[in-house]
Amino acid sequence: TPCFSEIEAAKFTQDIFGVSGSVTPLAGERDQNFRVHSNAGKDYVLKIANASEEASFLEAQAQAMQHLAENGVASPQVVTTKTGALIATVDTPSRVSHSVRLVTYLPGTPYGSIRRHSPDLFSHLGEYLGRLDRILTSFEHPATQRDFHWDLAKAPAVVTQYKSLIADEEMRIQIEKLAADFNTHTAPLLSGLRQSVIHNDANDYNVIVSVDTLSLNQQMVGV
């Protein structure tokens, strides 16, 4: 996982993308993210990828975001480097390489940070995610054909591989039962179902909402 300072992040943004401004750390699980407020008044997100992330998959992400935007779904867009590339590389002092990207900032409030969720917002969220995944059915990239622990169709194999690490015996037994039920009832049906790329992580803090504080109107902005 990358661990660059704000000063280094600001230098990357300036040197690689030609964008100067202030940077603020953002949350990230595997990657390191910074919000960039440029001197020109525009906001971006600098994303420094985990060293184990393959560049081909980051290219697939960039193309997927472009595909969504071309089909009317709001999504951050990749900003090219000074040389016109989608992805650049930065090194740590110990010469570990990390891919780095700059994407446009999606203004709004994370769904999980809103205390009141209106019925209209629930409806809009379902509609939005359905439209997003429908559009992604026409997206393909070789890098998306991969083994991925968060692919729920492969959950039993992941459980088998790691269940010995579960110290709580009762929880381990329950997880083994769920995996067995999956193999019995769900796995036989998978070959008859359509498969495509999906977002797969539209959690409370990956979904962005616009809130009108006067009318309490809430609308999905994007993911």
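Because the structure is a prediction, the values reported are computed rather than measured. Within every chain, residues take consecutive numbers counted from 1 along the sequence as written. Only residues with pLDDT of 70 or above have their local features reported here, since the model is predicted, and side-chain atom pairs are shown and tallied only from 80 upward, although totals for entire chains, interfaces and linings are computed over all residues. Here the side-chain values reflect all heavy atoms present in the structure, with hydrogen atoms and water set aside.

Caption draft 1: The arrangement of the overall build of the protein in detail. Per the convention used, a helix needs a DSSP run of H or I reaching at least four residues, while a strand needs a run of E reaching at least two, with both numbered from the N terminus. The helix and strand inventory of the protein stands at five helices and nine strands. Listing each helix as α and each strand as β along the protein from the N terminus yields α-β-β-β-α-β-β-β-β-α-α-α-β-β. Projected onto its principal axes, the C-alpha coordinates of the protein cover approximately 55 × 55 × 35 Å. Going through the 223 residues of the protein one by one, you find that 34% of them count as buried. Pairs at least 24 apart in sequence give 59% of the contacts found in the protein among residues at least 6 apart. Computed with a 1.4 Å probe, the accessible areas rest on the Shrake-Rupley method; for each residue, only the protein chains presented here act as cover. As displayed, the protein has an accessible area near 13,900 Å², and 53% of this comes from carbon and sulfur atoms. Charge convention: Lys and Arg are scored as positive, Asp and Glu as negative, and His as well as the terminal groups of each chain are ignored. The location of each charge is read from NZ of Lys, CZ of Arg, CG of Asp or CD of Glu. When the 18 basic and 25 acidic side-chain charges of the protein are each reduced to a single mean position, those positions are 3 Å apart. Using a 1.4 Å probe on the protein chains alone, a residue whose accessible area is under 20% of its type maximum counts as buried, one over 50% counts as exposed, and one in between counts as partly exposed. The contact rule is simple, with two residues in contact once any of their heavy atoms fall within 4.5 Å.

Caption draft 2: Layout of the pairing of strand β6 (residues 97-104). Counting buried positions over the eight residues of β6 gives six, a clear majority of the element. Being paired, for any two strands, means DSSP has found at least two bridges between them. Strand direction decides the pairing type here: strand β3 (residues 43-48) and β6, joined by five bridges, are antiparallel. Counted as the bridge partner of Val45 is Val103 from β6. Direction of pairing for strand β5 (residues 88-91) relative to β6: antiparallel, over a ladder of four bridges. By the bridge assignment for β6, Thr89 is matched with Ser99. The antiparallel pairing of β5 with β6 creates a hairpin that spans five residues between the two strands, and Arg95 there sits at a positive phi of about 65 degrees.

Caption draft 3: Local environment of the packing of aromatic side chains. Only Phe, Tyr and Trp rings take part, Trp by its six-membered ring, and two of them pair if their centres are within 6.5 Å. Stacked means planes under 30 degrees apart, edge-to-face means over 60, and tilted covers everything else. Under the criterion given, the structure shown has one aromatic pair. Ring geometry for Phe4 and Phe12: centres 5.2 Å apart, planes at 80 degrees, overall edge-to-face. Residue Phe12 is classed as buried on the basis of its relative accessible area of 15%. Lysine NZ or arginine CZ positioned within 6 Å of the ring centre and within 35 degrees of the ring normal marks a charge as sitting over the ring. For Arg35, the ring lying beneath its charged end belongs to Tyr105, and the centroid distance is 4.0 Å. The side chain of Arg146 reaches across the aromatic face of Phe57, ending 3.7 Å from its centre.

Caption draft 4: Representation of helix α1 (residues 6-17). Expected helix span is computed as 1.5 Å times (number of residues minus one). Its twelve residues give α1 an end-to-end C-alpha distance of 16 Å, which sits within 8% of 16 Å, the value for a rise of 1.5 Å per residue. Taken together, the buried positions of α1 are Ala9, Phe12, Thr13, Ile16 and Phe17. Along the long axis of α1, the arc covered by the buried residues comes to 100 degrees, so they all point the same way. Exposed side of α1, more than 90 degrees from the buried face: Ile7 and Lys11 are the residues found there. Considering only its buried residues, α1 is in contact with β1 (21-26), β2 (32-38), β3, β4 (78-79), β5 and β6. In this context, the arc is that of the directions from the helix axis out to the C-beta atoms.

Caption draft 5: Spatial organisation of the side chain of Thr92. For Thr92, the location among the structural elements is in the loop between β5 and β6. The class for Thr92 is buried, based on a relative accessible area of 18%. With residues up to four places along the chain from it excluded, the contact list for Thr92 reads Phe4 and His98.

On their own, these measurements won't tell you what the molecule is for.
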